[in-house]
Amino acid sequence: MDTLKEKFSLLAKAMRPEVKSMIKEHREKQVGDVKLWQLYGGARGVKCLVWETSELDPNKGIRFRGYSIPELRERLPKFQGGDEPMPEALFWLLLVGEIPTEEEVKWLSAEWYKRSEVPAHTFKVIDAFPKDTHPMAQFSAAISSMKNDSVFDRRYSEGMHKTEYWDATYEDVMNLIARIPKVAAYIYRRSFKDGVMAEPDPNLDWSGNFARMLGIEGDKFKEFMRLYLTIHSDHEGGNASAHTTHLVGSTLSDTYLTFAAGMNALAGPLHGAATQEVIRWVLEMVESLGTRTPSKDQIKSYVQQTLDSGRVIPGYGHAVLRQPDPRFIAQKGFAERNLGEDDLIQTVWKIFEVVPPALQALGKVKNPWPNVDAHSGAILYNFGIKEFNFYTVMFGVSRALGVMAALCWTRALGLPLERPKSVTTKWVKQQLEDNAFG
Ligand code: HAX
C-alpha cells in the first residue's frame with residue numbers, strides 16, 4: 001500500500017465507527033431543518049424538491065399525475081386493440097396532466113417517428129467503444145454526443161429570454177425521446193448480435209419500434225415493452241436518476257448532457273442496475289444449486305449465504321416504499337397472463353415468498369419487499385434478451401419519459417440552480433460539544 005493510501009485507510013477505519021456511534025447516539029438531534037440521521041442518511045424523507053409529474057406513497061406506491069398503474073392500464077389508449085398502456089399516452093399525461101385521446105396518441109407516435117433520425121457521428125461514438133464495454137457507458141456517451149444538436153444550447157447562445165427556456169427544452173426533449181430507442185437498439189445489436197442499425201417503421205408506435213429495432217419478433221414482446229416503458233418512466237423526483245437529472249438540469253446544462261447524467265446515476269447497482277444484478281444472482285443461484293427449479297428451502301439457504309457474505313439481495317428493499325412495489329406486481333401480472341410456465345419466472349415468484357421474511361429477520365431492513373427490478377429481468381430473459389448487462393439501458397429508455405417531462409416543468413417554472421448546504425463532521429462534533437443542536 002502506498003503511503004497516501006495507508007494514511008487514508010487508517011483515517012477511514014477510525015472515523016467510520018466513530019461516525020456510526022455518533023449517529024446512533026444523536027440521531028434525533030435537529031441540525032438546521034433536518035435530523036442528524038438524515039444529514040448522514042442520504043437525506044431520506046427531506047422535502048426539498050418540486051416534481052410535478054408523479055408522487056410516491058410509501059404504502060400505495062407510485063401515482064402518475066394521480067393515477068395508479070392499474071388505472072393507467074385501464075384508461076390510457078392502447079395500440080390497435082392491445083391490452084397494455086402506450087408510453088406516448090403516459091408522456092402526454094405526465095406533461096399536461098390529462099389522459100390523451102387516441103388521435104393525440106397517434107399524433108405523438110408519428111411525431112416521435114419524424115424526429116427519430118440520429119446523427120451519424122453518434123453511431124461512430126458507439127463504434128469507438130470495445131464491444132464488451134458496459135452498454136450503459138455506451139448509452140451515456142452516445143446521448144452526450146448529441147449535445148451539438150441541442151436547440152437549447154443554440155438558442156441560449158443567441159440570447160434566449162428566460163421565459164422561453166421551456167420551449168427550447170421541449171424541442172430537445174421530444175428529439176431525445178424520439179431518438180433513444182434507435183440508439184439503445186444499436187448498442188444491443190452491435191454489442192451482442194448482428195450489428196444491424198435498424199430503422200423504425202412508421203406504422204408502429206414508439207414501443208413497437210423499440211422492440212422491432214432490438215430484433216425481437218412477436219406482438220407479445222411489443223405489448224410487454226408498452227407496459228415496461230410506461231411503468232419504469234417516473235418515480236417522483238428524489239430517486240437518484242431523477243434527482244441527478246434535476247440537479248444537472250438546474251445548471252442549464254443542455255438536455256442531452258442532463259439526461260446522460262441521470263443515466264450515469266441509473267447505472268449504479270443500488271438503483272437501475274439492480275435489474276441486471278437480480279438476474280445475475282438468480283442464475284448464479286440456480287447454477288450453484290444445480291437445478292432450474294429450486295425449492296423454497298434451497299432458495300432460503302442461498303439467500304442466507306448471500307447475506308452472510310455481506311451482500312444485498314438485489315431487487316429487494318427501497319428507500320421510500322414499504323410494500324411490494326406496484327411495478328413488480330404489474331410485471332408479475334403480465335407474466336401470469338402471458339408467460340406463467342417459465343422456470344426462471346417461477347423461481348422469481350418463489351423468491352418473492354422467501355426473501356421478505358429473511359430480510360425481516362435481520363431487523364434492520366426497512367422494506368423487505370421486492371422493488372421494480374426483482375421481476376423485469378426474468379421476463380426480458382424469457383423473451384430472448386439474455387444479455388443482462390443491457391437491461392439498465394432499457395430502463396433508461398423508459399426513464400427518459402418521466403425525467404424529461406419533469407425537466408420541461410423545471411424550466412417552465414424557472415426553478416433556480418440547486419445548491420443545498422453541506423457541513424463537515426468536525427463542524428457537527430463541535431456543535432454537539434457546544435450543545436448547539438435542538
Ligand atoms: N438485502 C440486504 N440488506 C439490505 C437490503 C437488501 N435487499 N435492503 C436494505 N438492506 C440493508 C441496508 O444495506 C442497510 O444495512 P446497513 O445498515 O448495514 O448499511 C439496512 O438494511 C437499512 O437499509 P434501508 O434503510 O432499509 O434501505 P436504504 O434506504 O438505505 O437503501 C436500497 C435502499 C434500495 C439501496 C436497499 O434496499 C438495497 O440495497 N437494495 C438492493 C439493491 C436494489 O434492489 N436496488 C434497487 C432499488 C430500486 C431502484 O432504485 N430501482 O431502480
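Reading the values: the criteria
What you see as residue numbers is a count from 1 along each chain, following the sequence as written. This being a predicted model, a pLDDT of at least 70 is required before a residue's local features are given, and a value of 80 or more before pairs of side-chain atoms are given or counted; all residues contribute to the totals for chains, interfaces and linings. Side-chain metrics in this entry use all non-hydrogen atoms of the structure; hydrogen atoms and water are not considered. Per the convention used, a helix needs a DSSP run of H or I reaching at least four residues, while a strand needs a run of E reaching at least two, with both numbered from the N terminus. C-alpha atoms define the radius of gyration, and 2.2 Å times the number of residues to the power 0.38 defines the globule rule. We call a residue buried when its accessible area falls under 20% of the maximum for its residue type, exposed when it is over 50%, and partly exposed in between, using a 1.4 Å probe and counting protein chains only. Contacts are assigned to residue pairs with any non-hydrogen atoms lying within 4.5 Å of each other. Computed by Shrake-Rupley with a 1.4 Å probe, the accessible areas treat only the displayed protein chains as cover when residues are assessed. Residues scored as charged are limited to Lys and Arg (positive) and Asp and Glu (negative), so that His and the chain ends carry no count. Taken as the charge centre is NZ of Lys, CZ of Arg, CG of Asp or CD of Glu, depending on the residue. Two N or O atoms count as a polar contact when they lie within 3.5 Å, although within protein this holds only if one can serve as hydrogen donor and the other as acceptor, and sequence-adjacent residues are included solely when both atoms are side-chain atoms. Between the rings of Phe, Tyr and Trp (Trp by its six-membered ring), a pair exists once the centres lie within 6.5 Å; its type follows the angle of the planes, with under 30 degrees stacked, over 60 edge-to-face, and the other angles tilted. In this text, near means that some heavy atom of the residue lies within 4 Å of the molecule or strand in question. By the convention adopted, Pro, Cys, Tyr, Trp, Phe, Met, Ile, Leu, Val and Ala count as nonpolar, Lys, Arg, Asp and Glu as charged, and the other residues, Gly among them, as polar. The patches described consist of residues with a relative accessible area above 30% and no salt bridge, like charges being joined within 9 Å and nonpolar side chains (Val, Leu, Ile, Met, Phe, Trp, Tyr) within 5 Å. Take a side-chain nitrogen of Lys or Arg and a carboxyl oxygen of Asp or Glu: if they are within 4 Å of each other, that pair is a salt bridge. Under the convention used throughout, the expected extent of a helix is 1.5 Å for every residue step, that is, one less than its residue count. Pairing between two strands requires that DSSP report at least two bridges joining them. For our purposes a nonpolar core is just a set of buried Ala, Val, Leu, Ile, Met, Phe, Trp, Tyr and Cys residues, chained together by side-chain atoms within 4.5 Å. Axes are fitted to the seven residues ending at a residue and to the seven starting at it; the angle between these axes is taken as the bend at that residue.

Engineer: Just to check I follow, could you spell out the overall build of the chain for this structure?
Structural biologist: Broken down by element type, the chain carries 20 helices and four strands. Against the compact-globule benchmark of 22 Å for 438 residues, the chain has a radius of gyration of 23 Å, which places it among compact chains. Dimensions along the principal axes, computed over C-alpha positions, put the chain at roughly 65 × 65 × 45 Å. Each of the 438 residues in the chain was classed as buried or not, and the buried ones make up 53%. Contacts in the chain between residues at least 24 apart in sequence constitute 72% of all its contacts with a sequence separation of at least 6. For the chain, the accessible area works out to roughly 20,500 Å², and carbon and sulfur atoms hold 53% of it. Each charge class in the chain can be summarised by its mean position, and for the 54 positive and 55 negative side chains these summaries are 5 Å apart.

Engineer: I'm lost on the side chain of arginine 226 in this one. Help?
Structural biologist: Its place among the elements puts arginine 226 in helix α11 (residues 219–231). A polar contact is formed between the side chain of arginine 226 and the side chain of glutamate 223, at a distance of 2.8 Å. Among all residues touching arginine 226, those that are not within four sequence positions of it are Phe79, Glu84, Pro85, Met86, Pro87, Asp205, Ser207 and Gly208.

Engineer: Before we go on, may I ask you to explain the packing of aromatic side chains in this structure?
Structural biologist: Describing an aromatic ring pair means giving the distance of the ring centres and the angle of the ring planes. Applying the stated criterion across every chain, the model contains 17 aromatic pairs. Ring geometry for tryptophan 92 against tryptophan 107: centres 6.4 Å apart, planes inclined by 85 degrees, an arrangement best described as edge-to-face. Here tryptophan 107 lies in helix α5 (residues 102–114) and tryptophan 92 lies in helix α4 (residues 87–96), a separation of 15 residues in the sequence. For tryptophan 107, a relative accessible area of 40% gives the class partly exposed. Ring geometry for tyrosine 188 against phenylalanine 192: centres 5.7 Å apart, planes inclined by 55 degrees, an arrangement best described as tilted. Taken together, the residues span about one helical turn, with tyrosine 188 and phenylalanine 192 both in helix α9 (residues 165–192) at a distance of four residues. On the accessibility criterion, tyrosine 188 (0% relative accessible area) is buried.

Engineer: Sorry if this is basic, but what is going on with the site of the ligand here?
Structural biologist: Near the ligand lie 23 residues; those nearest to it are Gly315, Tyr316, Lys364, Lys366 and Asp373. Between the ligand and the protein, one listed contact pairs a nitrogen atom with a backbone N or O atom of tyrosine 316 at 2.7 Å. At 2.7 Å, a side-chain N or O of lysine 366 approaches an oxygen atom of the ligand. When its residues are assigned to classes, the shell around the ligand shows 13 nonpolar, six polar and four charged.

Engineer: Any chance you could explain a nonpolar patch on the surface here in plain terms?
Structural biologist: Side chains of Leu39, Val423 and Trp427 sit close together on the surface and give an oily, nonpolar patch of about 220 Å² of accessible area. The residue leucine 39 is located in helix α2 (residues 36–40) in this model. For leucine 39, a relative accessible area of 32% gives the class partly exposed.

Engineer: Explanation requested: unusual backbone geometry in the structure shown.
Structural biologist: Glycine aside, negative phi is the norm for most residues, and most peptide bonds take the trans geometry. The backbone phi angle of alanine 43 is positive, close to 55 degrees, even though this residue is not glycine. Even without glycine at this site, leucine 252 takes up a positive phi of about 65 degrees.

Engineer: Is there a simple way to explain helix α16 (residues 326–338) in this structure?
Structural biologist: An α-helical turn contains 3.6 residues, so a residue and the one three or four places further along point in the same direction. Along its 13 residues, α16 runs 18 Å from first to last C-alpha, staying within 8% of the 18 Å computed at 1.5 Å per residue. Buried residues of α16: Pro326, Arg327, Phe328, Ala330, Gln331, Lys332, Gly333, Phe334 and Ala335, and no others. Tucked inside the fold, the buried residues of α16 contact β4 (61–64), α3 (69–75), α11, α17 (343–362), α18 (373–382) and α19 (391–412).

Engineer: Help me out: how do you make sense of the pairing of strand β3 (residues 54–57) in this one?
Structural biologist: Residues in a regular strand point their side chains to alternate faces of the sheet. Burial along β3 is one-sided: the face carrying Ser54 and Leu56 is buried and the face carrying Glu55 and Asp57 is not. In this sheet, β4 lies alongside β3 in antiparallel orientation, the contact comprising four bridges. The residue bridging glutamate 55 from the neighbouring strand is arginine 63, located in β4.

Engineer: Whenever I open this one, the environment of methionine 285 confuses me. Can you help?
Structural biologist: Assignment of secondary structure puts methionine 285 in helix α14 (residues 274–289). Spatially, the C-alpha atom of methionine 285 lies 28 Å from that of leucine 214, the residues being 71 residues apart in sequence.

Engineer: Sorry if this is basic, but what is going on with the nonpolar core here?
Structural biologist: For soluble globular proteins, nonpolar side chains are generally found buried alongside one another. The biggest cluster of nonpolar side chains holds 112 residues, and the ones touching the most others in it are Phe139 and Phe221. Looking at which element gives the most residues to this core, the answer is α19, with 13 residues. For phenylalanine 221, the residues in contact, after removing those within four places along its chain, are Ala211, Leu214, Ile216, Leu380, Phe383, Ile385 and Met394.

Engineer: Sorry if this is basic, but what is going on with the pattern of salt bridges here?
Structural biologist: Oppositely charged side chains can pair when the atoms bearing their charge come close. Summed over all chains, the structure comprises 25 salt bridges. Note that lysine 429 is salt-bridged to glutamate 18, the shortest N-O span being 2.5 Å. Taken together, the residues span a long stretch of sequence, with lysine 429 in helix α20 (residues 425–433) and glutamate 18 in helix α1 (residues 3–26) at a distance of 411 residues. By relative accessible area, which is 33% here, lysine 429 ends up partly exposed. Classification of glutamate 18 as partly exposed rests on a relative accessible area of 39%. With its nearest N and O atoms 2.6 Å apart, the salt bridge here joins glutamate 353 to lysine 296. Placement of the pair is glutamate 353 in helix α17 and lysine 296 in helix α15 (residues 296–308), with a sequence separation of 57 residues. Taking relative accessible area as the criterion, glutamate 353 reaches 45% and is therefore assigned partly exposed. Assessed through its relative accessible area of 40%, lysine 296 is described here as partly exposed. Taken together, the salt bridges that share partners define one network made up of Glu111, Lys114, Arg115 and Glu171.

Engineer: Looking at this structure, how should I read α17?
Structural biologist: The end-to-end C-alpha separation of α17 is 29 Å, in line with the 28 Å expected for 20 residues at 1.5 Å each. When the local axis directions of α17 are compared, the greatest deviation, roughly 30 degrees, occurs at valine 354, which is followed within four positions by the proline proline 356. When we look at burial in α17, the residues that qualify are Leu344, Ile345, Thr347, Val348, Trp349, Ile351, Phe352, Val354, Val355, Pro356, Ala358 and Leu359. Lining the buried residues of α17 we find α14, α15, α16 and α18. Backbone nitrogen of leucine 344 and a side-chain oxygen of the N-cap are separated by 2.9 Å at the start of α17; the cap is aspartate 342. Following α17 by one or two positions, glycine 363 has its phi on the positive side, about 75 degrees.

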